[in-house]
Amino acid sequence: MLDNGWGLSLIVFLPLVGALIILLTPKKNLAAIKAFGLTFTALPLIIAVFLIARFDYGAGSAFQFGTDLSWITSINARYHIGVDGISFPMLILSTILTLLALIYSFNHWPEPYNPKAFSALILVLGTAMNGTFVALDLVLFFVFFELVLLPMYFMIGIWGDKTMMKVPGFRIEAETRLYAAIKFFVFTLFGSAFMLLGFLALYYRSGDVAPFVRTFDIPTLISMGSAGAFTGTFAFLVFGALFLGFAVKVPMWPLHTWLPDAHTAAPTVGSVLLAGILLKLGSYGFIRISLPILPQEAQRWAPAIAILAVIGIIYGALACLAQSDMKRLIAFSSVGHMGFVMLGISTLTVVGINAAVIGMVAHGLITGLLFFVAGSMSHRYHTREMVRLGGNQKLMPKMGAILGFTAIASLGLPGLAGFWGEFMSLVGSYNPLAGLDLGVFRTAMVFGAIGTVLTAGYMLWMLQRVNLGEPSAEWGGHALVDADSYELAAWVPLMVLIVAVGVFPKLVFGATNSAVVSLVTKAFGG
Amino acid sequence: MVHASNGGVLAQWAWLIVVAPFVAMLAIIAFGKRMPRKGGEIAVTAMGFVFVYSAVLLILNIANGVIFEHSVQVAQIGSFTIEWGWVVDGLSTMMYFVVGTLSFLVFTYATGYMKGDVRETWFFAAFSLFAGAMLVLVSAPNLVQLIVGWEGVGLASYLLIGHYWEEKENSSAGMKAFYTNKIADIGLIIGAIVLGTAVGSFRYSDILDAAANNLSSLAPVAVAGGVLLFIGAMGKSAQFPFHVWLPDAMAGPTPVSSLMHAATMVTAGVYLVARMYPLYAGMASDMRVLIVIIGAITLLIAGLLAIVQDDLKRVLAYSTVSQLGYMIAALGAGGYTAGLFHLWTHAFFKGLLFLTAGSIIHAVHSNNMSDMGGLRKKMPVTFWSFTSASLALVAIIPFAGFFSKDEILATLGNNGYAWAMWIGILGAFITAFYMGRAMFLTFFGTYKGEAHVHESPKVMTVPMAILAVASLIAGWVNIPGVYEGFHHWVTERAITFPSFSAEGFDVAVMLTGLGFAIFGVIVSYLIYFRDADTQQARDRVRIPVLWPLLENKYYLDDLYLAVLVNPIKGPIARAVNWTNSYLIDGIVNGAGIVARYAARIVYGGLDQKGIDLAINTAAIVTGSAGEQARRLQTGKVQHYAAMTVAGLALLVIAIVIFI
Amino acid sequence: MSLVQFLVLGALMFSFGVYGLLVRRNAVMVLLAIELMLNAVNLNLIAFEAALRTAFAGGQVFAIFVITVAAAEVGIGLAIVLLIFRNRRSANVDEMDLMRW
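Rules and cut-offs
- Residues numbered from 1 in each chain as written.
- Chains lettered and ligands numbered in written order.
- Predicted model: local features only at pLDDT ≥ 70, side-chain atom pairs only at ≥ 80, totals over all residues.
- Heavy atoms only, no water.
- Contact = heavy atoms within 4.5 Å.
- Buried area = accessible area lost by both parts, 1.4 Å probe.
- Salt bridge = Lys/Arg side-chain N within 4 Å of Asp/Glu carboxyl O.
- Polar contact = N/O pair within 3.5 Å; in protein donor to acceptor, adjacent residues only side chain to side chain.
- Helix = DSSP H or I, 4+ residues; strand = E, 2+ residues; numbered from the N terminus.
- Nonpolar A, V, L, I, M, F, W, Y, C, P; charged D, E, K, R; others polar.
- Buried < 20%, exposed > 50% of the residue type's maximum accessible area, 1.4 Å probe, protein only.
- Core = buried A, V, L, I, M, F, W, Y, C linked by side-chain atoms within 4.5 Å.
- Phe/Tyr/Trp six-rings, centres within 6.5 Å; stacked < 30°, edge-to-face > 60°.
- Lys NZ or Arg CZ within 6 Å of the ring centre and 35° of its normal.

1. Remarks on the interface of chain B and chain A
Argument step 1. Each partner contributes to the interface: chain B provides 53 residues, whereas chain A provides 64 residues.
Argument step 2. On the chain B side of the contact with chain A, Ile77(B), Trp165(B) and Ile193(B) bury the most area, a combined 12% of that side's loss.
Argument step 3. Salt-bridge contacts for Lys394(A) lead to Glu166(B); the nearest nitrogen and oxygen are separated by 2.4 Å.
Argument step 4. In this assembly, chain B and chain A are joined by 16 residue pairs in polar contact (both at pLDDT 80 or more).
Argument step 5. Put simply, the parts of the chain that give the side of chain B that touches chain A at least two residues each are β1 (68–77), β2 (80–88), α6 (143–161), α7 (168–199) and α25 (556–629) of chain B.
Argument step 6. Top element by residues in the side of chain B that touches chain A is α25(B). It accounts for 19 residues.
Argument step 7. Here the side of chain B that touches chain A is composed, by residue class, of 31 nonpolar, 13 polar and 9 charged.

2. A few points about the pattern of salt bridges
Argument step 1. Within this structure, the stated rule accounts for 22 salt bridges over all chains.
Argument step 2. Note that Asp68(A) is salt-bridged to Arg78(A), the shortest N-O span being 2.6 Å. Of this pair, Asp68(A) sits in strand β1 (residues 64–72) while Arg78(A) sits in strand β2 (residues 77–83), placing them 10 residues apart in sequence.
Argument step 3. Here Asp68(A) falls in the partly exposed class, since its relative accessible area comes to 35%.
Argument step 4. Here Arg78(A) falls in the partly exposed class, since its relative accessible area comes to 25%.
Argument step 5. Residue Asp248(B) is joined to Arg314(B) by a salt bridge in which the shortest nitrogen-to-oxygen separation is 3.9 Å. With Asp248(B) in helix α10 (residues 245–248) and Arg314(B) in helix α15 (residues 312–332), this pair connects stretches of sequence that are 66 residues apart.
Argument step 6. On the basis of relative accessibility, which here comes to 17%, the residue Asp248(B) falls in the buried class.
Argument step 7. What you see here is one network of salt bridges that share partners, running through Lys176(B), Asp248(B), Arg314(B), Lys553(B) and Asp557(B).

3. Observations concerning the nonpolar core
Argument step 1. Formed by 425 residues in total, the largest nonpolar core has its most connected members in Leu218(B) and Trp344(B).
Argument step 2. Ranked by residue count, the leading element in this core is helix α14 (residues 350–381) of chain A, at 20 residues.
Argument step 3. Apart from residues lying up to four places away in sequence, Trp344(B) is in contact with Leu58(B), Met94(B), Phe97(B), Val98(B), Ala474(B), Val477(B), Phe486(B) and Trp489(B).
Argument step 4. Judged by nonpolar contacts, the second largest core, of 16 residues, contains Val292(B), Leu412(B), Tyr417(B) and Val509(B).

4. Focus on the environment of Ala355(A)
Argument step 1. As for its position among the elements, Ala355(A) is in helix α14.
Argument step 2. With residues near it in sequence (within four places) discarded, Ala355(A) still touches Trp420(A), Gly421(A), Met424(A), Ser425(A) and Phe509(A).

5. Concerning the packing of aromatic side chains
Argument step 1. Taken as a whole and judged by the stated rule, the model has 62 aromatic pairs over all chains.
Argument step 2. Relative to Phe199(A), the ring of Phe142(A) lies with its centre 6.4 Å away and its plane at 85 degrees, an arrangement referred to as edge-to-face. With a gap of 57 residues between them, Phe142(A) in helix α5 (residues 138–147) and Phe199(A) in helix α7 (residues 176–206) connect regions that are remote in the sequence. With respect to class, Phe142(A) is no different from Phe199(A); both count as buried.
Argument step 3. Between Phe107(B) and Phe124(B), the aromatic rings sit 6.4 Å apart at their centres with planes inclined by 50 degrees, giving tilted as the arrangement. Taken together, the positions of Phe107(B) in helix α4 (residues 90–113) and Phe124(B) in helix α5 (residues 120–139) put the pair 17 residues apart, joining distant regions of the chain. The pair formed by Phe107(B) and Phe124(B) is uniform in burial state, with each residue classed as buried.
Argument step 4. Over the ring of Tyr326(B) we find Lys405(B); its NZ or CZ atom is 4.8 Å from the centre of that ring.

6. Things to note about the interface of chain C and chain B
Argument step 1. Listed by partner, the interface residues are 14 residues for chain C and 11 residues for chain B.
Argument step 2. Summed over both partners, the interface of chain C with chain B buries about 1,000 Å², with 60% contributed by carbon and sulfur atoms.
Argument step 3. When the buried area of chain C at its contact with chain B is split by residue, Leu21(C), Leu22(C) and Trp101(C) rank highest and sum to 51% of it.
Argument step 4. Applying the counting rule to chain C against chain B returns 0 salt bridges.
Argument step 5. One can count 2 residue pairs in polar contact (both at pLDDT 80 or more) joining chain C with chain B.
Argument step 6. A total of 4 residues in the side of chain C that touches chain B trace back to one element, the largest contributor, which is helix α1 (residues 3–23) of chain C.
Argument step 7. Across the side of chain C that touches chain B, the residue classes tally to 9 nonpolar, no polar and 5 charged.

What follows is the structure, encoded as structure tokens:
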């Protein structure tokens with residue numbers, strides 16, 4: 001019964017139901033709020049695990065556990081959901097991170113204290129994230145894609161960093177959280193507006209191809225696209241429009257500047273979900289929508305995307321080295337890591353796209369954990385300035401060890417999850433799709449490899465400043481509590497997964513490989 | 001030559017060797033703190049297991065020759081297969097034995113040396129991690145697993161060099177090691193990608209098969225791949241110009257220096273070249289001269305640097321770099337056996353040298369030879385172990401190093417690299433000189449310090465004694481013309497390679513080398529021993545231009561810092577950040593501000609004073625009209641009546657007129 | 001007796017009534033004036049009926065209606081004036097402008 005759409009629909013909408021129930025619960029009843037929140041984030045994960053057992057790993061691009069119901073008949077928008085090997089790992093990651101974020105929050109409610117509203121927002125965010133990964137209709141996808149913005153806007157705007165900041169280069173001062181929330185929201189919306197135009201263009205053009213019914217349905221559009229229905233200037237403009245929408249979310253250079261501000265302003269859980277899942281929506285959009293529906297156009301754009309991706313890698317790493325704020329450093333590291341993901345995608349090969357997906361999963365686990373730890377640390381030290389932190393390993397050994405482990409994972413140490421994305425991106429870059437400019441891609445590969453050195457550079461430098469050495473005198477009198485059980489409950493599963501995916505990448509590739517092979521064959525032939 | 005067996009059950013279970021240290025690491029992290037030796041027991045037991053198993057495998061290889069390989073698939077990505085597995089053949093068995101023996105002895109030593117350390121349990125956990133990663137590296141049947149092990153030992157190196165991370169220099173030294181290796185690893189990774197893509201597989205057997213059969217897809221990239229892999233090897237094995245991390249790595253505890261930075265980890269580069277030998281001997285043979293050049297340069301400049309050091313560990317560190325240069329040069333010249341043989345003997349005597357250094361440092365509480373002197377009588381076991389190892393290093397017959405170094409020199413000479421051979425012979429002189437200097441400054445004369453010097457405990461001296469014996473006999477396994485066992489062991493490989501044979505005895509070279517070595521000992525004796533008490537000669541011997549150059553390490557470190565590290569860390573990073581905040585974000589923020597101005601104009605000007613004006617006017621007009629109209633409502637009935645009558649009158653008149 | 005004489009009388013009475021309605025200050029006098037107007041109308045109706053018996057037969061009936069309405073209206077009107085007088089001690093219509101704007 002769970003196979004034919006109910007499973008996925010429950011995974012998507014149970015958190016929303018939970019949010020509604022929490023909103024009806026009286027504010028004072030914290031235990032009930034926690035219980036409802038926990039139930040309605042744990043249930044999707046349980047269902048997802050159940051579906052793991054029933055997933056057909058060799059099914060290629062066939063979408064499983066899905067359903068296709070009529071929704072808005074006047075524009076032929078349907079409630080079409082399903083997962084394949086590419087979206088399934090992302091969906092599972094999303095359910096896991098939402099649950100862990102909520103568990104972490106139970107003991108770490110951000111200021112101003114309002115567990116009811118905050119939990120509800122996490123749950124709504126959960127629905128939106130899960131929904132984006134299962135949506136197979138452009139309108140449905142758009143709805144969830146945009147829905148993601150609202151809870152995050154409120155999380156940043158209400159529970160974010162209240163300190164005043166100067167907007168660089170202008171004589172304006174603003175509260176960090178307000179500035180960051182608006183910037184994040186409007187910037188993303190700017191891209192999404194163009195993305196919507198692209199969707200509409202595809203909808204209208206789809207009526208010109210057999211069977212001459214305008215549709216928003218993604219699999220149908222994919223078949224049309226690989227049969228060559230969308231070409232020429234139309235395809236160029238549509239790809240550009242979609243590119244804008246997805247590239248802002250990834251975030252690709254130069255549309256990345258919202259990310260550092262959003263991360264420094266956001267509360268811990270907001271940063272975790274932002275880095276862990278929201279960034280993946282952009283690259284997932286490329287893989288699910290842009291590449292299969294506009295394959296010829298993708299080949300035209302691939303070198304440009306590769307160049308931008310590599311710029312992101314190097315630029316992100318260099319910017320990290322100039323940071324004094326720990327969370328801002330980790331934010332720029334996200335720009336770099338997503339650069340590897342986009343490099344993998346731009347190669348348009350089985351290896352590259354597989355690398356991108358495992359890179360997305362690994363980044364979600366690793367950077368999610370990094371933001372968890374950074375958030376906990378900034379909560380205890382009341383600062384994010386690395387100059388003042390130092391000797392953390394002495395003051396909070398467990399947290400320091402976890403930070404060290406995560407930083408090592410983040411720099412792509414082989415044996416941990418981050419390595420596969422980086423290494424296989426480079427492999428894919430060396431041998432991109434036939435017909436793509438080898439010079440561009442191999443140069444990109446070399447710069448990507450240089451990027452790994454810079455990544456190691458800033459991560460170890462960050463560790464040295466924050467973790468090692470002697471603690472500064474100002475922390476002398478403070479009783480700094482080491483990681484508590486809620487934090488460990490949230491972090492240990494992530495650490496286990498990071499090692500597991502690192503040692504046994506089949507956990508991801510087993511699902512993705514077949515789907516990616518299908519995708520590439522269908523889109524780019526042979 | 002290749003009549004091997006498949007090793008039977010022992011080879012099939014050989015993966016236990018690789019896994020045991022990791023299990024130990026987890027156990028140490030879990031229970032180590034509560035144990036009497038703080039987890040050291042677990043580590044030593046695991047290493048003991050590795051030692052015994054590897055010894056058995058070695059004996060099996062000696063008896064029968066073993067060639068075995070097994071891989072388990074862990075991912076399929078398009079046409080690439082990712083596998084974990086293990087190899088048991090001549091080369092890897094030799095490496096297992098070296099790693100196993102040295103690990104076991106050094107771990108045992110470390111339980112004494114690290115007693116009471118601030119972080120003893122973590123030390124053994126990290127050390128076990130190292131051993132595990134090293135074994136992953138040498139057991140790998142494919143390049144990907146090699147990279148996993150390679151970077152894993154890099155991580156362990158970072159952790160252990162920075163063991164005393166309370167002081168910034170120590171963690172910085174760890175980072176320096178990691179970065180230098182990471183830069184060289186660019187070559188390793190790209191080389192692996194190039195070769196793997198050309199052949200379609202990362203497995204050694206596939207790549208080397210392709211190399212042996214001159215596969216057409218491999219031909220255009222073979223030399224490039226070979227160069228790139230060698231660059232990676234240069235990093236790990238501290239070849240010029242990547243050698244700068246090794247001396248700084250001496251910041252780590254001495255057992256680390258002994259095991260990792262002398263015997264095992266640094267030999268990973270040599271191992272890689274040896275493993276890929278069919279490629280280097282065949283399709284990539286054009287680039288071999290590069291290997292010899294790098295090796296020769298390294299052995300010379302590092303040897304010179306060892307002469308001016310006051311820190312005993314640094315003397316040994318530069319000595320290690322120099323000896324690695326010998327191994328690399330040998331491999332480049334075609335001396336497969338020679339290079340590996342020197343790796344074998346070097347592991348024993350250099351590992352021992354560091355252990356003795358540690359013993360001295362432990363007793364004297366200083367690394368500097370100026371704080372030592374006259375320790376011969378106070379620490380006899382240490383002294384005799386040091387002597388044995390030094391004689392091996394200086395290559396005096398019949399100690400181990402003599403046979404291996406001699407074979408290298410012979411290889412260089414007989415394969416057309418006579419210039420490299422002469423550099424090697426000069427190097428022999430330099431080696432003897434600095435080792436003599438070290439010995440005389442440390443053990444002879446009078447002790448100038450205040451510490452209460454005594455011999456180290458048994459747990460430290462016994463391993464030293466064992467290795468001292470090994471330093472004597474380890475070379476006897478490959479005496480050309482008498483017993484060439486080593487040569488046979490390491491050539492038990494699945495893929496054979498072209499034009500290969502062990503070097504025979506070259507008496508001329510042997511005597512020349514020996515002569516130079518003895519000459520070096522005599523010179524150092526004349527300078528340093530005779531003046532042992534005052535040791536002013538140390539400072540009197542200062543060749544003007546050369547000494548400052550050496551003391552500043554050829555200004556290479558300064559060059560790297562000034563040209564590479566500081567610009568990137570400082571101006572370039574800040575420039576990128578500025579660009580980001582002021583240029584790129586400036587556009588974004590500017591867009592926001594322009595939008596606000598535009599909004600103000602549109603709202604204030606167009607909307608408020610334009611459109612809204614019209615609407616408001618309409619409303620106002622209506623209002624005032626109403627305002628005026630209401631004045632008719634006076635509330636007085638008679639006025640209403642009057643209006644009615646007037647209206648009526650008008651109506652009547654209208655009717656009368658118009659009808 | 002011709003019709004015109006009655007009509008003139010009726011018009012005169014109506015005018016006096018209008019004059020009284022518009023000018024008199026006392027509310028009772030205004031009501032009286034209204035009665036005068038109503039009676040004038042009655043007179044007109046009766047006169048026309050008498051003159052045009054066959055064509056306009058409803059005149060007398062209409063007059064009865066008017067008398068009835070006038071009676072009712074006087075009753076209510078005087079009641080209202082009485083209440084106003086009790087509350088305000090004056091029956092001066094010029095002072096009753098509470099329903100003004």
